[in-house]
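Residue-level structural notes
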Amino acid sequence: IKDNIELLNEITARSEGIAAVVGFVDKSDDIYNAAAFICNRKLAGVYHKSFLPNYGVFDEERYFRAGRDYPVFTLNGTRIGINICEDIWYPDGPSIFQTLAGAEVIININASPYHAGKWRFRERMLSTRAADNFVILAYVNMVGGQDELVFDGHSMVFDQNGNLIARGRQFEEELILADLNIDAVFRARLHDPRRRKSGVNRNIDTGMVRHIFLSEHKERSRPAIPERTISPLEDLAEIYSALTLGARDYAGKNKFSNVVIGMSGGIDSALTAVIAADSLGSDNVIGVFMPSQYTSVESGEDASVVAKNLGIRFIINPMWDVFESYMKTLSGQFKGLEHDVTEENLQARVRGNILMALSNKFGWLVLTTGNKSEMSVGYATLYGDMAGGFAVIKDVPKTLVYRLAEYRNSTGPRIIPERVFKRPPTAELKPGQTDQDTLPPYDVLDPILQAYVEEDRGLDEIVSMGWSRELVERVIGMVDGSEYKRRQAPIGIKITPRALGRDRRMPVTNRYKSL
């Protein structure tokens, strides 16, 4: 906190000839999520965030105290209110007090995490908030990845009628310039009596609003700023961009130059490798193929083709000798017992050991390749294919994995061979094995998981959607029984409204059973 205040002072000292809103942690009688209004090398005032989210991935009430003071700054004759992130989502939030006190522009700064399609909810909400308050609204969002979260930028400016004036690019840092018609705000307010009545009813002159005067209006002659024509990304392009940004920032910000991936010849490892190469560059990605007695020729060929098409380093490291050594070591304890899932998991754990040894020796970050469907039902081996540092597609359902892979193939020369899409998914840990030996088909499993994990629907409600009770009970049982695995899994990029982990927090030890 001390360091961040010192840096705020340094930024303030360098702000000659400009005004800026800077987010920071403020410390007085408590600590606050705060925004500083800096103008011409002076700290003009500070706003403390009022609405502290405490749901999903957010824990702000655990750390911060809520503010109850709403400053309005007059800069060059224009009255400006500032607030932070969650504050703008509430119709009765700070914006209404600031606008009733005369604010013509609201600047809302954000660290708003991404999930697929979230920009549509934001845009509708922001348009409504601008129109309801007859105010120009600038929504400014950060860009970058931090652990599970990706911040997608996509800043927007709306006029007093809720019309979009300017839109920022998604997943890219940039400077957005827009002309604002302040006179139009005044005219719009004159024509609506609700504002006057609202001001009387809310009794805003209670000291909650502080007016901070900085400068009178000065006429300036400037050329008009050209209109921006930025369109939002299509759905698959948007999700893919989030995954590449999240992977790039996790590796880069944690000082990993190279990543290593266990490549099986399947769709999950292929997509993970493609994302890694797009994020970090092909020269910084290593694929490792670890065949066993059960590995098909097709798997080796497909893994090799993906690696060659990407231009990444490809290592073939057979694991069967190591597995047999394990079995010899355990032969006394396993004598007379049939082979079962124990031997299957042991193969996965040998592969995990090999990848982690390469990681330790060369400083490579291990990217795991499990998807959300597998992680939800526990179709993964603890300390095996779950071993690693970052799970790129952890929040990507299996059916979406295929769609993203096909999307990426469509953007240029095909990288992932067609056979990878058509072959039945398999762990290849025993003869003739496929995922559907253990799981329902993914086009059946994924909608049930979405209903249970993301939408909190119960057994009866999911059955009413058209699935058999026996099937739904089986899936719910697998999800509930696999929490201990997920608790020990590496973190991964959130791209759905409710991800496993920080979003969906469930106890491992839970005697209650709904089935």
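Here we summarise the structure given alongside this text. (Residues numbered from 1 in each chain as written. Predicted model: local features only at pLDDT ≥ 70, side-chain atom pairs only at ≥ 80, totals over all residues. Heavy atoms only, no water.)

**Focus on unusual backbone geometry**
Of note, the phi angle at F171 is positive, near 65 degrees, even though the residue is not glycine. Following the sequence through the fold, F171 ends up in the loop between β11 (164-167) and α5 (182-190). What makes F171 buried here is its relative accessible area of 9%. The phi dihedral of Y383 is positive, around 70 degrees, even though this residue is not glycine. With respect to the helices and strands, the residue Y383 is situated in the loop between α13 (372-377) and β17 (390-391). (Helix = DSSP H or I, 4+ residues; strand = E, 2+ residues; numbered from the N terminus. Buried < 20%, exposed > 50% of the residue type's maximum accessible area, 1.4 Å probe, protein only.)

**Observations concerning helix α16 (residues 442-454)**
Most of α16 is tucked away, with 10 of its 13 residues classed as buried. If you check which residues of α16 are buried, you get Y442, V444, L445, D446, I448, L449, A451, Y452, V453 and E454. Next to the buried residues of α16 lie α13, α14 (398-410), α17 (459-464) and α18 (469-480). Looking one or two residues beyond α16, the residue adopting positive phi is D456, at roughly 60 degrees. (Contact = heavy atoms within 4.5 Å.)

**Quick word on the sheet that holds strand β1 (residues 19-27)**
Strands sit in the order β1-β2-β3 across an open sheet of three strands; the sheet is antiparallel. In the strand order of this sheet, the two ends are held by β1 and β3 (42-48), each with one partner. In this sheet, neighbouring strand axes are inclined to one another by 30 degrees on average, regardless of whether the strands run parallel or antiparallel. Of the pairings in the sheet, the one linking strand β2 (residues 31-39) to β3 comprises six bridges and is antiparallel in character. Counted as the bridge partner of A35 is Y47 from β3. (Pairing = 2+ DSSP bridges. Axes fitted to C-alpha atoms, helices over the stretch in contact; angles between N-to-C directions.)

**Here we look at the pairing of β2**
β2 sits mainly inside the fold: eight of its nine residues count as buried. Examined bridge by bridge, β1 and β2 share nine bridges and lie antiparallel to one another. For V22, the partnering residue across the bridge sits in β2 and is A36. Here β1 folds back onto β2, and the loop between the two strands holds three residues. What sits between β2 and β3 in their antiparallel hairpin is a turn of two residues, with N40 showing a positive phi close to 50 degrees.

**Considering the sheet that holds strand β4 (residues 70-75)**
Read from one edge to the other, the open sheet built from seven strands follows the order β11-β10-β7-β6-β5-β4-β12, with strand pairing classed as mixed. If you trace the sheet from one side to the other, it starts and ends with β11 and β12 (209-213), each paired once. Pairwise comparison of adjacent strand axes, ignoring direction, gives a mean angle of 20 degrees for this sheet. In terms of strand pairing, strand β7 (residues 136-141) meets strand β10 (residues 156-158) through three bridges, oriented antiparallel. Along β10, the bridge assignment pairs A138 with V157. Where helix α4 (residues 118-133) meets the sheet, its contacts fall on β7, β10 and β11, and the angle it forms with β10 comes to roughly 30 degrees.

**Details of the environment of F151**
Position of F151 relative to the elements: it lies in strand β9 (residues 149-152). Note: C-alpha distance between F151 and G246 (95 residues apart in sequence) is 8.8 Å. Leave out the neighbours within four places in its chain, and F151 touches A111, S112, P113, M142, V143, G144, Q146 and L245.

**Overview of the nonpolar core**
Within the largest apolar cluster, 48 residues are counted, with the highest numbers of intra-cluster contacts made by I416 and I495. Elements represented by at least two residues in this core include exactly α7 (235-253), β13 (259-262), α8 (267-280), β14 (285-289), α9 (297-310), β16 (365-368), α14 and α15 (418-422). Those residues in contact with I495, other than ones at most four positions away along the chain, are Y114, H115, A116, I239, A242, L243, D395, V396 and L400. (Core = buried A, V, L, I, M, F, W, Y, C linked by side-chain atoms within 4.5 Å.)

**Remarks on the side chain of N108**
Within the secondary structure, N108 is located in strand β6 (residues 105-110). Under the relative-accessibility criterion, N108 is labelled buried at 0%. Here the side chain of N108 touches N110 through a polar contact of 2.7 Å, side chain to side chain. Aside from chain neighbours lying at most four places away, what touches N108 is N83, I84, C85, I88, L137, A138, Y139 and V140. (Polar contact = N/O pair within 3.5 Å; in protein donor to acceptor, adjacent residues only side chain to side chain.)

**Considering the environment of R187**
By secondary structure assignment, the location of R187 is in helix α5. For the pair formed by R187 and F134, sequence separation is 53 residues and the distance between their alpha carbons is 9.6 Å.

**Considerations on the packing of aromatic side chains**
Enumeration over the complete set of coordinates arrives at 12 aromatic pairs. Ring centres of F289 and F314 lie 6.4 Å apart, and the angle between their planes is 25 degrees; this geometry places the pair in the stacked category. Of this pair, F289 sits in strand β14 while F314 sits in strand β15 (residues 313-316), placing them 25 residues apart in sequence. (Phe/Tyr/Trp six-rings, centres within 6.5 Å; stacked < 30°, edge-to-face > 60°.)

**Side note on a nonpolar patch on the surface**
A contiguous nonpolar patch, built from L175, L177 and I225 and spanning about 290 Å² of accessible area, is present on the exposed surface. Mapped onto the elements, L175 comes out in the loop between β11 and α5. (Patch = residues over 30% accessible without salt bridge, like charges linked within 9 Å, V, L, I, M, F, W, Y side chains within 5 Å. Areas by Shrake-Rupley, 256 points an atom, 1.4 Å probe, with all protein chains shown as cover. Salt bridge = Lys/Arg side-chain N within 4 Å of Asp/Glu carboxyl O.)

**Section: the packing of α8 against α14**
With their axes 10 Å apart at the nearest point, α8 and α14 run at an angle of 50 degrees to one another. As judged from the angle between their axes, α8 and α14 are oblique. Crossing handedness for the pair α8 and α14: left-handed. For the pair formed by α8 and α14, the contact residues are I267, D268, L271, V274 and D278 on the first element and K398, V401, Y402, L404, A405 and R408 on the second. For the contact of α8 with α14, the class distribution of residues is seven nonpolar, no polar and four charged. (Parallel < 35°, antiparallel > 145°, perpendicular 65-115°, else oblique. Left-handed = near helix turned anticlockwise from the far one by under 90°. Nonpolar A, V, L, I, M, F, W, Y, C, P; charged D, E, K, R; others polar.)

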